[in-house]
Amino acid sequence: MKNLALFLFALIGLSLASGCVHRIPDATPADIPRLEQALVQSPGNPDLLTQLGMAQFKARRYEAAEGSLAMAIESGEATGAAYLYLGLARESQEKWGGARESYSSYLEAGRFGPLKEEIERRLYLIVRQELRAQAQDALARESELSTATPAPGTVAVFPFQVVTEDEDLLPLQVALADMMTTDLELSGGLRVLERTQIQTLLTEMALTEAGFTDPETGARAGRLLRAEHIVQGALLTLPNQNLQFATDVLNTARSESRGEATAENALEHLFDLEKESVFQILGILGVELTPSEREAITNNRAANLFAFLAFGQGLQALDRGDFAQAGDFFNRAVELDPGFTAALKGQAEAAALQEATGTGPDDVGGRSTGELSPPTLSGTDPGLSMAGSASSTSSILNATANEVVPTPVVSIVGLGSVSTGTTEQGQTRDPAQESKGQEGVTTPTTASILITIRRPGGGN
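Now for a look at the structure at hand. Residue numbering note: each chain is counted from 1, following its sequence as written. Where local features are concerned, this predicted model is filtered to residues with pLDDT of at least 70; where side-chain atom pairs are given and counted, the filter is 80 or more; whole-chain, interface and lining totals use all residues. Only hydrogens and water are set aside; all other atoms, that is, all heavy atoms of the structure, feed into the side-chain values.

## Comments concerning the pairing of strand β2 (residues 151-157)
Right, on to step 1. Exposure classes here rest on a 1.4 Å probe applied to the protein chains alone. A residue is buried below 20% of its type maximum, exposed above 50%, and partly exposed in between. Put simply, DSSP H or I for four residues or longer makes a helix, DSSP E for two residues or longer makes a strand, and each gets a number counted from the N terminus. Here β2 lies mainly inside the structure; five of its seven residues are buried.
Right, on to step 2. Strands qualify as paired when DSSP identifies two bridges or more between them. Pairing geometry for β2 and strand β5 (residues 227-238), over four bridges, is parallel. By the bridge assignment, Ala-151 is partnered in β5 with Ala-227.
Right, on to step 3. In this structure, β2 lies alongside strand β4 (residues 191-192), joined through two bridges in parallel fashion. Within β4, the position partnered with Val-155 by the bridge is Val-192.

## Here's the deal with helix α11 (residues 215-225)
Right, on to step 1. If you check which residues of α11 are buried, you get Thr-217, Gly-218, Ala-219, Ala-221, Gly-222, Leu-224 and Leu-225.
Right, on to step 2. The positive-phi residue at the C-terminal boundary of α11 is Arg-226, with phi of around 60 degrees.

## Examining the packing of helix α6 (residues 96-109) against helix α7 (residues 113-140)
Right, on to step 1. Axes here mean lines fitted to C-alpha atoms, for a helix over just the part in contact, with angles spanning 0 to 180 degrees between N-to-C directions. Interhelical geometry of α6 versus α7 gives an angle of 160 degrees and a closest axis separation of 9 Å. One finds that α6 runs roughly antiparallel with respect to α7. Crossing of α6 over α7 shows left-handed handedness. Within the contact between the two elements, α6 uses Trp-96, Gly-97, Ala-99, Arg-100, Tyr-103, Ser-104, Tyr-106 and Leu-107 and α7 uses Leu-115, Lys-116, Ile-119, Glu-120, Arg-122, Leu-123, Ile-126, Val-127, Gln-129, Glu-130 and Ala-133.
Right, on to step 2. Residues belonging to the contact of α6 with α7 are distributed by class as follows: eleven nonpolar, three polar and five charged. Oblique is the label for any angle not under 35 degrees, not over 145, and not in the 65 to 115 range, which are roughly parallel, roughly antiparallel and roughly perpendicular in turn. Crossing handedness is defined as follows: a turn of the near helix away from the far one that is anticlockwise and smaller than a right angle gives a left-handed crossing, while the clockwise case is right-handed. Contact between two residues is taken to exist if any of their heavy atoms lie within 4.5 Å; hydrogens are not considered. Throughout this entry, Asp, Glu, Lys and Arg are counted as charged residues, while Ala, Val, Leu, Ile, Met, Phe, Trp, Tyr, Cys and Pro are counted as nonpolar. The remaining residues, Gly among them, count as polar.

## Details of helix α5 (residues 80-92)
Right, on to step 1. Expected helix span is given by 1.5 Å per residue-to-residue step, counting one fewer step than there are residues. Taking 1.5 Å of rise per residue, the 13 residues of α5 would be expected to cover 18 Å, and the 19 Å separating its terminal C-alpha atoms lies within 8% of that figure.
Right, on to step 2. Among the 13 residues in α5, twelve count as buried, and that is most of the element.
Right, on to step 3. With its phi angle positive at about 60 degrees, Glu-94 sits one or two positions after the end of α5.

Shown next as structure tokens:
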């Protein structure tokens, strides 16, 4: 028995030295009773808790799965599979903030590249769902939030009302708001709310375009967003292809204007017009710019108006949930201006949202095999994986002490030439090629060591 234990630990050390990765065995709802029994014998075992959580998730027992997986993570020894399935369980319960946190942790702890890429894309959808839930919660708590002190230095830029007879210019409503949001953030002196967060609230408020410049509506939305200031405004087309951009910086707590800015320029100088407005707004808010910040703001622009209008159309499509069309518009913007950073980001977001909306947590869980070890052999307990570290092997042996006969049997199954207790590379040859007088293709193979534990009654 002592020699067997030494052999087991030597084998584990050999596996670790050869670069094997500790992966959790897969589990199904049928495994729940055995996993629960194993945890009675080995309470707090993170691998068993992870397997139990996976099995509970697949049984659609999402709350129970969340509890098991959270305990596994609290141990400090959880693998990427625990974070992944905790995110899936939370998403299934529409706990968007918790799902986002778990998925973000999985991106750091997980090892399966394709699945990590899928989760990165899925996070776009999770964040949107979280923002919508936050907006609904804010409206439900409006009486409470109306008297709350806004976060200092926070600014929200509303979509701008576009007053024109040229419908081609209407996408400037959101495109200019997005550009100004980025510019104010580049100043480094403000905390600027994301455009998507603002638009989500305005959608939940069923706010029409007429409300974008209304001070009372702006103050109300600002308090719900807990923003100290709201930037509202309108873009007006004038004769001779000129534009006038009028903006107002509204203090939400006092429901009064902090200051107004007005700029005018030709349509072909749209970006210069926007920059002039930004610098005026920063002056109203008392933000002093460094030379590098001023340069960064000045350089934040598209190469041409057509790319910028296509970008605005993409944002509008995103806001109405048409992710395929949004992708087409962003693709067009990138074609017209390959270096347009905002359009490139929109392109990635639209593609991610389009893919994520076509799948659910169950679909993602079904593709998690890269985080799991191969399925266990028929008749074996999925909670009794011998892969991993010495500590996990010890706990597994302890958990099954009452089920194992005194002398376990170690079986060596070779897929090539092997020697007892070690693995060596062997070769297989292609008889079909050799029969034709050709040199057979040689394929290196590696021995596979399978440890089985004989149980009373003859089963494995």
